Amino acid sequence: MLGAAAHPATLRRRRRRRRGHCQEGPAMQEPLLGAEGPDYDTFPEKSSPSPGERTRVGAPQNKRVFLATFAAVLGNFSFGYALVYTSPVIPALELSLDPDLRLTKTQASWFGSVFTLGAAAGGLSAMVLNDLLGRKLSIMFSAVPSAAGYALMAGAHGFWMLLLGRTMTGFAGGLTAACIPVYVSEIAPPGVRGALGATPQLMAVFGSLSLYALGLLLPWRWLAVAGEGPVLVMTLLLSFMPNSPRFLLSRGRDAEALRALAWLRGADTDTRWEFSQIQDNVQRQSTRVSWAEARSPHVYRPIAIALLMRFLQQLTGVTPILVYLQPIFEGTAVLLPPKDDAAIVGAVRLFSVLIAALTMDLAGRKVLLFVSATIMFAANLTLGLYVHLGPKPPTPNSTVELESAPLGGTEQPLAAPTSYLTLVPLVATMLFIMGYAMGWGPITWLLMSEILPLQARGVASGLCVLVSWLTAFALTKSFLLVVNAFGLQVPFFFFAAICLVNLLFTGCCVPETKGRSLEQIESFFRTGRRSFLH
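Bear in mind the structure is a predicted one, so any value in this text is a computation, not a measurement.

Draft legend 1. Layout of the pattern of salt bridges. All told, the structure shown has 4 salt bridges when counted by the stated rule. With a closest N to O distance of 2.8 Å, Arg265 and Glu274 form a salt bridge. Taken individually, Arg265 and Glu274 each receive the classification buried, so the pair is uniform in this respect. Residue Arg365 pairs with Glu450 through a salt bridge whose shortest N-O separation is 2.7 Å. Note that Arg365 is positioned in helix α21 (residues 365–389) and Glu450 in helix α23 (residues 442–451), a separation of 85 residues in sequence. According to the relative accessible area criterion, Glu450 is buried, its value standing at 1%.

Set out below in structure tokens:
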């Protein structure tokens with residue numbers, strides 16, 4: 001009753017005090033892009049946006065952003081499909097009746113690893129195409145080498161056609177790996193950017209799983225023909241999608257950028273606040289980063305973090321494990337057939353990325369990175385100890401040998417294939433893939449697109465992909481050499497040690513970007529704060 005009888009003037013004073021209190025608190029949602037000084041905190045520890053702010057920057061009111069994301073990440077589906085194409089194809093070609101297609105051990109090694117060289121070249125080209133054509137057109141351009149590569153492998157009459165086709169699909173994969181995460185992060189609202197940022201990895205996993213499943217049904221030539229489908233669908237859908245508003249603004253196409261943002265957010269959403277924030281950030285920067293600007297900490301620090309994350313991601317051993325998944329299972333005498341094991345691992349990988357997509361915007365990036373590295377460490381250590389101390393396959397593995405010795409050496413006794421102990425490699429590999437797919441798989445791609453400054457985002461994302469796939473090539477090519485020289489356990493012990501380094505790197509250098517706009521993240525690196533732990 002007292003509250004109801006309060007004088008109107010008293011109520012107005014109370015409202016003014018409450019508004020003043022909110023403005024002075026540390027939990028302000030909007031970034032103060034014009035603020036200067038190291039004390040400015042772009043990342044508030046606790047924020048409670050109003051309903052209006054949630055409408056502007058939170059969950060999308062329009063489903064078109066999901067359609068645009070789906071159209072783009074079909075390129076990642078093709079990438080994942082092409083990456084593991086060799087898993088069922090190498091064993092088939094080693095037994096081919098055609099002498100021009102029958103693979104030797106050295107040829108099998110090149111066929112497995114040359115994809116990463118093509119991907120490195122694709123990343124190098126993305127350093128130019130990402131800013132020259134834009135994110136969307138660069139993704140669409142990747143369809144040309146991808147379709148040509150699949151056609152070459154489907155109609156191959158010699159080893160050179162297989163090698164060239166594999167290289168071209170790798171080039172397309174490297175190009176999309178640099179362009180798609182940037183495109184998705186630039187069109188996604190902060191409230192769902194984590195979930196949408198996981199979709200490139202999710203679709204890559206789904207592509208790999210589709211390859212494993214089709215490998216149980218189709219001959220190797222028809223596997224290449226089937227790879228053409230997603231490429232064509234991606235090109236068709238993307239032709240109706242808008243370009244990134246941030247890219248359009250950086251090219252001075254303001255009206256087109258506003259139309260693109262309105263299309264992505266929906267006609268009922270007020271995009272003026274978000275558009276002004278993006279526009280303000282773009283106007284503060286030059287179109288391209290200069291060498292003088294590259295020496296500034298707010299530019300080189302996020303680039304260094306992104307590069308190191310891509311480098312360490314590959315050193316966990318994910319690429320050689322995926323490329324040689326079937327041969328590894330053959331070399332460890334797993335109880336189930338190697339083809340079935342590969343399909344099971346693909347399903348586990350898909351499930352794990354789904355978990356990451358659902359929890360990334362709730363738990364945060366750093367928590368999942370810690371959990372991911374811990375699981376991968378345990379899995380790699382288990383695989384190394386099993387190979388070193390456990391049983392061996394009863395026959396040599398013809399796929400991964402470079403010499404006549406079986407995979408991992410011949411010192412240990414041979415295993416009975418019916419022993420349940422031989423399920424250990426399958427379980428450990430499933431754990432490794434689960435750990436990778438929950439954190440260091442999708443989050444590395446997402447953080448790359450989140451923390452890179454806008455003016456260097458196109459070039460730096462291509463550089464990250466280049467470094468990533470050069471590392472992957474070196475690992476994939478040397479994996480077989482190390483296995484035959486020292487045993488299969490040595491690479492797994494090395495990968496386990498790298499996972500410990502990843503734990504330290506995450507704690508010391510990786511910022512938490514959950515719930516922040518790209519402009520807030522960029523301002524975070526401009527403030528001069530030394531710690532990334534907040």
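After presenting the structure, the write-up continues.
Draft legend 2. Here's a closer look at the environment of Ser461. Mapped onto the fold, Ser461 is located in helix α24 (residues 457–486). Considering only alpha carbons, one finds Ser461 and Ser449, 12 residues apart in sequence, at a separation of 7.2 Å. In this structure, Ser461 is in contact with Asn130, Ala178, Val182, Met448, Leu452 and Ala456, ignoring residues within four places of it in sequence.

Draft legend 3. Seen up close, the packing of helix α17 (residues 297–315) against helix α25 (residues 489–509). Packing of α17 against α25 leaves a shortest axis separation of 9 Å and a crossing angle of 155°. When the interaxial angle is binned, α17 and α25 end up roughly antiparallel. The two elements α17 and α25 meet at a crossing, and its hand is left-handed. Contacts between α17 and α25 involve Ile305, Leu308, Met309, Leu312 and Leu315 from the former and Phe494, Phe495, Ile498, Val501, Asn502, Phe505 and Cys509 from the latter. A class-by-class count of the residues in the contact of α17 with α25 yields 11 nonpolar, 1 polar and no charged.

Draft legend 4. Representation of the nonpolar core in the model. Counting 122 residues, the largest nonpolar core has Tyr85, Phe111, Trp440 and Trp469 as its most contacted members. Mapped onto the domain boundaries, this core takes at least three residues apiece from domain 1 (62–241) and domain 2 (287–391 + 419–533). Every residue in contact with Trp469, bar those within four places of it in the chain, is listed here: Phe79, Leu83, Phe115, Thr116, Ala119, Ala120, Ala177, Gln314 and Thr319. The next biggest cluster of nonpolar side chains, apart from the first, holds 10 residues, and it includes Phe247, Leu249, Leu261 and Ile278.

Draft legend 5. Highlighting the packing of aromatic side chains. Tallied over the entire structure, the rule returns 8 aromatic pairs. Residues Trp110 and Phe473 carry aromatic rings whose centres are separated by 6.1 Å and whose planes lie at 40° to one another, so their mutual orientation is tilted. Here the residue Trp110 occupies a position in helix α5 (residues 105–132), and Phe473 occupies one in helix α24, the gap between them amounting to 363 residues. By relative accessible area, which is 34% here, Trp110 ends up partly exposed. The buried category is assigned to Phe473, whose relative accessible area is 17%. Ring-pair connections join several aromatic residues into one group, and the members of that group are Phe79, Phe115 and Trp469. The side chain of Arg166 reaches across the aromatic face of Phe111, ending 5.9 Å from its centre.

Draft legend 6. Spotlight on the side chain of Asn130. Structurally, Asn130 is set in helix α5. With a relative accessible area of 0%, Asn130 lands in the buried category. Beyond its immediate sequence surroundings of up to four residues, Asn130 is in contact with Arg135, Ser138, Ala178, Cys179, Phe247, Gly458 and Ser461.

Draft legend 7. Up close: helix α10 (residues 199–215). The first and last C-alpha atoms of α10 sit 24 Å apart over 17 residues, in line with the 24 Å expected at 1.5 Å per residue. The element α10 is extensively covered by neighbouring structure, given that 14 of its 17 residues are classed as buried.

Draft legend 8. Spotlight on the environment of Val114. Following the sequence through the fold, Val114 ends up in helix α5. Between the C-alpha atom of Val114 and that of Leu164, which follows or precedes it by 50 residues, the distance is 8.9 Å. Ignoring any residue separated from it by four or fewer positions in sequence, one finds Val114 in contact with Leu163, Arg166 and Thr167.

Draft legend 9. Quick look at the packing of helix α8 (residues 159–187) against α23. It is at 9 Å that the axes of α8 and α23 come closest, and there the two elements cross at 65°. Judged on the interaxial angle alone, α23 and α8 are roughly perpendicular. Note that α8 runs across α23; the crossing there is right-handed. Counted together, Ala177, Ala178, Pro181, Val182 and Ser185 of α8 and Trp445, Met448 and Ser449 of α23 form the full contact between these two elements. Grouping the constituent residues of the contact of α8 with α23 by class yields 6 nonpolar, 2 polar and no charged.

Draft legend 10. Here's a closer look at a nonpolar patch on the surface. On the surface, a cluster of nonpolar side chains totalling about 500 Å² of accessible area is made up of Leu216, Leu217, Leu218, Trp222 and Val225. Tracing the backbone shows Leu218 in the loop between α10 and α11 (220–226).

Rules behind the numbers
- Residues numbered from 1 in each chain as written.
- Predicted model: local features only at pLDDT ≥ 70, side-chain atom pairs only at ≥ 80, totals over all residues.
- Heavy atoms only, no water.
- Salt bridge = Lys/Arg side-chain N within 4 Å of Asp/Glu carboxyl O.
- Buried < 20%, exposed > 50% of the residue type's maximum accessible area, 1.4 Å probe, protein only.
- Helix = DSSP H or I, 4+ residues; strand = E, 2+ residues; numbered from the N terminus.
- Contact = heavy atoms within 4.5 Å.
- Axes fitted to C-alpha atoms, helices over the stretch in contact; angles between N-to-C directions.
- Parallel < 35°, antiparallel > 145°, perpendicular 65-115°, else oblique.
- Left-handed = near helix turned anticlockwise from the far one by under 90°.
- Nonpolar A, V, L, I, M, F, W, Y, C, P; charged D, E, K, R; others polar.
- Core = buried A, V, L, I, M, F, W, Y, C linked by side-chain atoms within 4.5 Å.
- Domains from an automatic or database assignment.
- Phe/Tyr/Trp six-rings, centres within 6.5 Å; stacked < 30°, edge-to-face > 60°.
- Lys NZ or Arg CZ within 6 Å of the ring centre and 35° of its normal.
- Expected span 1.5 Å × (residues − 1).
- Patch = residues over 30% accessible without salt bridge, like charges linked within 9 Å, V, L, I, M, F, W, Y side chains within 5 Å.
- Areas by Shrake-Rupley, 256 points an atom, 1.4 Å probe, with all protein chains shown as cover.

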